[in-house]
Amino acid sequence: MMSQNISSDPVAAKPPVAKKIPKVITAHGETWTDDYFWMRDKKNPEVIAYLEAENAYADAVMNHTKALQEKLYREMLARIKETDTDPPYREGNYLYYTRSEQGKQYKIYARRRGSMDAPEQVLLDLNEMAKGHPFMAIGIFDVSRDENLLLYSTDTTGYREYTLYVKDLRTGQNTKIAERVSSAAWANDNQTIFYVVDDPVSKRPYRFYRHVLGKSGDELLYEEKDEMFAARVGRTRSRGFILLTLASHTTSEVRYVPADRPAEVLRVIEPRAHGHEYYVDHRGDTFYIRTNDDGALNFKLMTAPVTDPQRKNWRELVPHRRDVMLEDVDLFADFMVLSEREQGLPRLRITDFKSGQTHYLQFPEPVYTASLGVNRVFDTRTLRYNYQSFITPVSVYDYDVDKRQSQLVKQQPVLGGYDPTQYQSERIYATAKDGTRIPISLVYRKPLVRDGRRPLLLQGYGSYGIPLNVTFNSNRLSLLDRGVIFAIAHIRGGGELGKAWHDAGRMMQKKNTFTDFIAAAEHLIAEKYTSKDRLVATGGSAGGLLMGAVVNMRPDLFKAVVSYVPFVDVINTMMDASLPLTAGEWEEWGDPIRNAEHFRYMKSYSPYDNIEAKEYPAMLVRTALNDSQVLFHEPTKYVAKMRALKKDKNPLILKINMGAGHGGASGRYDALRETAFDYAFILWQLGIQD
């Protein structure tokens, strides 16, 4: 199986050597061999033994950093207020909130009637629920209209396979409703529940059910047959409608049932048409429809009468704007909020329905993130939103729409004397090889002397049209205070600059994502923020694909790489429709099964398929045994093949969480331990000892 000779000396420790079982693969006239295909068998004891050997090797290589890991853990923990309460939000007659207690890994969900001075009612204590499980996460959390019943779901493995329950908040009794539930919502009668179930193999949300409490035999209302589409159910804030949204990466369709008449038949707003995306909300006698119809690449807002909402009755309310991405629409009784993005920055635009006046919330920093918070009340003049930046901790505000004034409800405490004036953030631009300007957001501890001597951690993602937002992280201070600059490259394929930015980094233009990141790294070096031997790159999931691609293309550019749950075995995964999520991804990456051009292009950048016998940077690769999005075997195979081929003596370690999923450890203390390990690796490679 393998040979290993674990030592506490990072140089002397011998890595596990994976056996090779050649598997010949043929596609589109090409034939190649995959020596590590066997690693995908999670039930094979040899696979588990190999993973355990990799963990032992990783711990041996990192053993000399144990004191540093402990120091990092203690200082990160010291910044956290361990016993704390999140800002409560109002729904009906209650204030709902979560809180944490010192020494406990998980949140406690609770409520108080009328005010925070009323007695507390604990709804869910995740610490109790986690007993006997390696992982605990809450998915759905929805209280019935009469406030007596809680609809909730739990995942106890990290595989994102949630079980749906109803808890009677008067008696404490729990009733299991269904397994593999990805979304659910109450109707207004306090007894009808709509929910969506995932396919047991592909994990695609595909079946839509109606459940009535006390009745057996849930009714299947709709099954999505197209493997490119996923289903999601939700209830509008107005409580007017239950909406079933069916969407691929490029096309969507919405069906609806009145929330007051949940037994009615499911109706469609507008039948799907390839390339047409639309999403729906409700207010009064009107549906509001965010759509990319008629060339509205960045989306526009239309309205339609509830009585007959088909396409011919749509009327334009907010036109398409070439430089502004309309990301979301939130409706309230007397106003609406548009979540937009312009020049890479989020904006919140408020329109009063009575006066017709529109204004934007103003934010004080050049680089930031702002988004709506929890807003469960429809008829209100107060809007809750969240704000943060590299320097400003997560801050929850209540905004008076009439007075146009924001009131800080709570800012995330950062203990230990955090002084934001000691840090600075900025936005700079690199130039890609085709002349495109690539935004880079940075933060560092002052003063900054640009002499190329500062270490720098550069993060990237660049996929699915998802922006990599600027966020605050108190853990990051442990790097900044040691002189490390932190930077985000907002590369094409992401959503920072609208839909065109996404399209320019997907399918047959995917390599722009990788060359943009390389251009950002080269710019930071040229401008003397850092140098090659002081530069560490990091990314996760599709950002792990980015890491794998750029180290194959430019291994000389980085001192080290930290890759989280990386999507690196692109061809094998995208050619196997039985794997979770594969089919739906063809509109992001291409279809290598039926399209030879897609196949050859993807194979030309797939990290696993392009590992060569050359020198690579030091690398830490993380995965999790129960990851359902990037299955554990991808990074495992990747590391095994790289070990067999690479010509350098730089550390290459694989760390596997044997009891978690795509997001890593679920417990907050366990997650801090993982971060301390990662930071110790980064600092070790940067030559920072303490």
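Below, the structure is looked at part by part. Because the structure is a prediction, the values reported are computed rather than measured.

## Structural notes on the overall build of the chain
Working step 1: Regarding its fold elements, the chain presents 12 helices and 39 strands.
Working step 2: Rg of the C-alpha trace for the chain: 25 Å, near the compact-globule value of 26 Å for 690 residues, within the 12% margin.
Working step 3: Considered along the principal axes of its C-alpha atoms, the chain spans approximately 70 × 60 × 55 Å.
Working step 4: Expressed as a percentage of its 690 residues, the buried residues of the chain come to 60%.
Working step 5: Intrachain contacts of the chain at a sequence separation of at least 6 include 56% that bridge at least 24 residues.
Working step 6: Total accessible area computed for the chain in this model is approximately 27600 Å², and 47% of it derives from carbon and sulfur atoms.

## Regarding the side chain of arginine 239
Working step 1: Along the chain, the position of arginine 239 falls in the loop between strand S16 (230–235) and strand S17 (241–247).
Working step 2: Looking at arginine 239, its side chain comes within polar contact range of the side chain of glutamate 91, at 3.4 Å.
Working step 3: Excluding residues that lie within four positions of it along the chain, arginine 239 makes contacts with Glu91, Val143, Arg145, Asn188 and Ala259.

## With respect to the pairing of strand S10 (residues 163–168)
Working step 1: Counting buried residues in S10 gives five out of six residues, a clear majority hidden from the surface.
Working step 2: Across six bridges, the pairing between strand S9 (residues 149–155) and S10 is antiparallel. Following the sheet pairing, tyrosine 152 is matched in S10 by tyrosine 165.
Working step 3: Hairpin connection from S10 to strand S11 (residues 174–178): five residues lie between these consecutive antiparallel strands, with glycine 172 at a positive phi of about 85 degrees.

## Here's the deal with the sheet that holds strand S14 (residues 205–212)
Working step 1: Across the sheet, four strands lie side by side as S12-S13-S14-S15; this open sheet has antiparallel pairing. Only two strands of the sheet have a single neighbouring strand rather than two, namely strand S12 (181–186) and strand S15 (219–223). Across the sheet, the mean angle from the axis of one strand to that of its neighbour is 20 degrees, orientation sign disregarded.
Working step 2: Where S12 and strand S13 (residues 192–198) come together, five bridges link them in antiparallel fashion. Note that in S13 the partner of valine 181 across the bridge is valine 197.

## Quick look at helix H10 (residues 596–605)
Working step 1: For H10, the full list of buried residues reads His598, Phe599, Tyr601, Met602, Lys603 and Tyr605.
Working step 2: If you follow the buried residues of H10, they end up packed against strand S1 (23–27), strand S2 (30–34), helix H6 (511–526), helix H7 (542–553), helix H8 (570–574) and helix H9 (586–589).
Working step 3: Among the residues of H10, the N-terminal cap falls to asparagine 595, whose side-chain oxygen and the backbone nitrogen of glutamate 597 are separated by 3.0 Å.

## Topic: the nonpolar core
Working step 1: The biggest cluster of nonpolar side chains holds 132 residues, and the ones touching the most others in it are Phe517 and Tyr638.
Working step 2: Counting residues per element, this core draws most heavily on helix H12 (residues 668–685), which supplies nine residues.
Working step 3: Each residue touching tyrosine 638, except ones within four places of it in the same chain, is listed here: Gly548, Val551, Val568, Pro607, Tyr608, Ile611, Met619 and Val621.
Working step 4: Within the second largest apolar cluster, 17 residues are counted, among which are Leu348, Leu361, Leu372 and Tyr399.

## Observations regarding the side chain of serine 463
Working step 1: Topologically, serine 463 is positioned in the loop between strand S34 (456–460) and helix H4 (477–480).
Working step 2: In this structure the side chain of serine 463 is engaged in a polar contact, spanning 2.9 Å, whose partner is the side chain of lysine 510.
Working step 3: Beyond its immediate sequence surroundings of up to four residues, serine 463 is in contact with Gly493, Gly494, Lys510, Ala542, Glu588 and Trp589.

## Let's talk about the pattern of salt bridges
Working step 1: Here the structure, examined in full by the defined rule, presents 59 salt bridges.
Working step 2: One salt bridge in this structure joins arginine 673 and glutamate 70, with 2.7 Å as the shortest N-O distance. On the criterion of sequence distance, the pair formed by arginine 673 in helix H12 and glutamate 70 in helix H2 (residues 66–78) is long-range, its members being 603 residues apart.
Working step 3: Taking the relative accessible area as the measure of exposure, glutamate 70 reaches 31% and is therefore partly exposed.
Working step 4: Across the pair arginine 349 and glutamate 340 runs a salt bridge whose closest N-O atoms are separated by 3.8 Å.

## Considering the sheet that holds S11
Working step 1: Strands sit in the order S8-S9-S10-S11 across an open sheet of four strands; the sheet is antiparallel. Bordering the open sheet on either side are strand S8 (137–143) and S11, each of which pairs with just one other strand. Looking at each pair of strands side by side, their axes are set apart by 25 degrees on average, direction ignored.
Working step 2: Looking at chain direction, S8 and S9 are connected through five bridges and run antiparallel. Across the sheet, the residue bridging to aspartate 142 is leucine 151, located in S9.

Criteria and cut-off values
Residues numbered from 1 in each chain as written. Predicted model: local features only at pLDDT ≥ 70, side-chain atom pairs only at ≥ 80, totals over all residues. Heavy atoms only, no water. Helix = DSSP H or I, 4+ residues; strand = E, 2+ residues; numbered from the N terminus. Rg over C-alpha atoms; globule rule 2.2 N^0.38 Å. Buried < 20%, exposed > 50% of the residue type's maximum accessible area, 1.4 Å probe, protein only. Contact = heavy atoms within 4.5 Å. Areas by Shrake-Rupley, 256 points an atom, 1.4 Å probe, with all protein chains shown as cover. Polar contact = N/O pair within 3.5 Å; in protein donor to acceptor, adjacent residues only side chain to side chain. Pairing = 2+ DSSP bridges. Axes fitted to C-alpha atoms, helices over the stretch in contact; angles between N-to-C directions. Core = buried A, V, L, I, M, F, W, Y, C linked by side-chain atoms within 4.5 Å. Salt bridge = Lys/Arg side-chain N within 4 Å of Asp/Glu carboxyl O.

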